[in-house]
Structures are given as structure tokens and as C-alpha cells.
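Structural overview for review
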Amino acid sequence: MRPLRVAIFEDDPLIAFDIQTAVEDAGCVVCGIFGDSSAAAAICQEARPDMAIIDLGLLDGDTGAELATYMHSQGCEIVVFSGKQVADPVLCRISHTFISKPLSPHLLTEALRPAAV
């Protein structure tokens, strides 16, 4: 069985590094780290991630909910990782896991387990 392939959409480089470390420690493969949503179509075509970890606020604005919807439509499991605690009506339309910032490696590891995906 191949390892889970994960795309990370996070605009803060330090947080992105922490997420990458947790993902790799869980035995998964990071297939890209992106600060905005512009790479979504290309990453889906080229790397074919199984999961996307997405911050709601990225460099191109509050595009995370729309990005999550797009990535979900491409077959990705979605983990929203954000400090925003407001329910988003766009996110209510798709299945996803929500993890609140700051990073809890334990919660992220649980979201990466194949049984949870």
C-alpha cells in the first residue's frame, strides 16, 4: 500500500514546516507546500494528492473554503487547519476534518490515519 500523499496549503512558512514534519512523521508523503490557492489545479493534475491540509486564510485572501471545495471535488480528503472558529457555509457542503490552530501533532496524526480518511 502506498503512503498517503498530502498537499499543504499554508501561508506561514513556520507553520507549514511544522505541518510538513508532522505529516512525514506519520509516514505520509508531502507532495507540495503552497502559500495560496493558485496551484490547486496543477497539483491535482501532477501530484494527485489523497489529502489536502488547508488554512482558510492564504496569501490570496480568504480562499481556503473555496479551495477545500475544489480539492474535495478532485477526490481529496480535506483537513481544514485554521485559527478561524466561524462556521463557513461553503465548508458545510463538503466532508472535512477541522483542526484548530495552534498545531496539535496528535490531532493531525489522527486525521492522517487511513481509517480516518
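Owing to the predicted nature of the structure, the values given are computational and were not obtained by experimental measurement. (Residues numbered from 1 in each chain as written. Predicted model: local features only at pLDDT ≥ 70, side-chain atom pairs only at ≥ 80, totals over all residues. Heavy atoms only, no water.)

**Details of helix α3 (residues 64-73)**
Residues G64, A65, L67, A68 and M71 constitute the buried set of α3. Burial along α3 is one-sided: seen end-on, the buried residues are contained in an arc of 160°. In the core, the buried residues of α3 are packed alongside β1 (5-9), α2 (40-46), β3 (51-54) and β4 (77-82). One or two residues past the end of α3 sits G75, with phi positive at roughly 100°. (Buried < 20%, exposed > 50% of the residue type's maximum accessible area, 1.4 Å probe, protein only. Helix = DSSP H or I, 4+ residues; strand = E, 2+ residues; numbered from the N terminus. Arc of directions from axis to C-beta. Contact = heavy atoms within 4.5 Å.)

**Considerations on the environment of I43**
Relative to the elements of secondary structure, I43 occurs in helix α2. Of the residues examined, I43 reaches a relative accessible area of 7% and is grouped as buried. In sequence terms I43 and Y70 are 27 residues apart; their C-alpha atoms lie 12 Å from each other. Residues within four places of I43 in sequence aside, it is in contact with A7, F9, C31, F34, R48, P49 and M71.

**Some words on the sheet that holds strand β5 (residues 97-100)**
Each strand in a sheet pairs with another by means of backbone hydrogen bonds, the pair being arranged parallel or else antiparallel. With respect to topology, five strands assemble into an open sheet ordered β2-β1-β3-β4-β5, the strand pairing being parallel. If you trace the sheet from one side to the other, it starts and ends with β2 (29-34) and β5, each paired once. Between one strand axis and the next, the sheet turns through 20° on average, direction left out of account. Sitting on the sheet, helix α1 (residues 13-25) is in contact with β1, β2, β3 and β4, with an inclination near 170° to β2. Relative to the sheet, helix α4 (residues 105-112) contacts β1, β3, β4 and β5, its axis offset from that of β5 by approximately 170°. (Pairing = 2+ DSSP bridges. Axes fitted to C-alpha atoms, helices over the stretch in contact; angles between N-to-C directions.)

**Here's the deal with the side chain of D50**
Inspection of the secondary structure puts D50 in the loop between α2 and β3. Reaching out from D50, the side chain makes a polar contact with the side chain of R2 at a distance of 2.8 Å. Setting aside residues up to four positions removed in sequence, D50 forms contacts with R2, P3, L4, R5, G75, C76 and E77. (Polar contact = N/O pair within 3.5 Å; in protein donor to acceptor, adjacent residues only side chain to side chain.)

**Some remarks on the environment of D60**
Relative to the helices and strands, D60 is located in the loop between β3 and α3. With a relative accessible area of 35%, D60 lands in the partly exposed category. Taking the C-alpha atoms as reference points, D60 and S38, separated by 22 residues in sequence, lie 8.3 Å from one another. There is a polar contact of 2.9 Å between the side chain of D60 and the side chain of T63.

**Focus: the pattern of salt bridges**
A complete count under the given rule lists three salt bridges for this structure. Across the pair R2 and D50 runs a salt bridge whose closest N-O atoms are separated by 2.8 Å. Taken together, the residues span a long stretch of sequence, with R2 in the segment before β1 and D50 in the loop between α2 and β3 at a distance of 48 residues. Ionic pairing is found between D55 and K101, a salt bridge with its closest N-O pair at 3.0 Å. Residue D55 is found in the loop between β3 and α3, and its partner K101 is found in the loop between β5 and α4; the two are separated by 46 residues along the sequence. Three or more residues are tied together by salt bridges with common partners; here these are E10, D55 and K101. (Salt bridge = Lys/Arg side-chain N within 4 Å of Asp/Glu carboxyl O.)

Treat this as a map of the structure, not an account of what it does.
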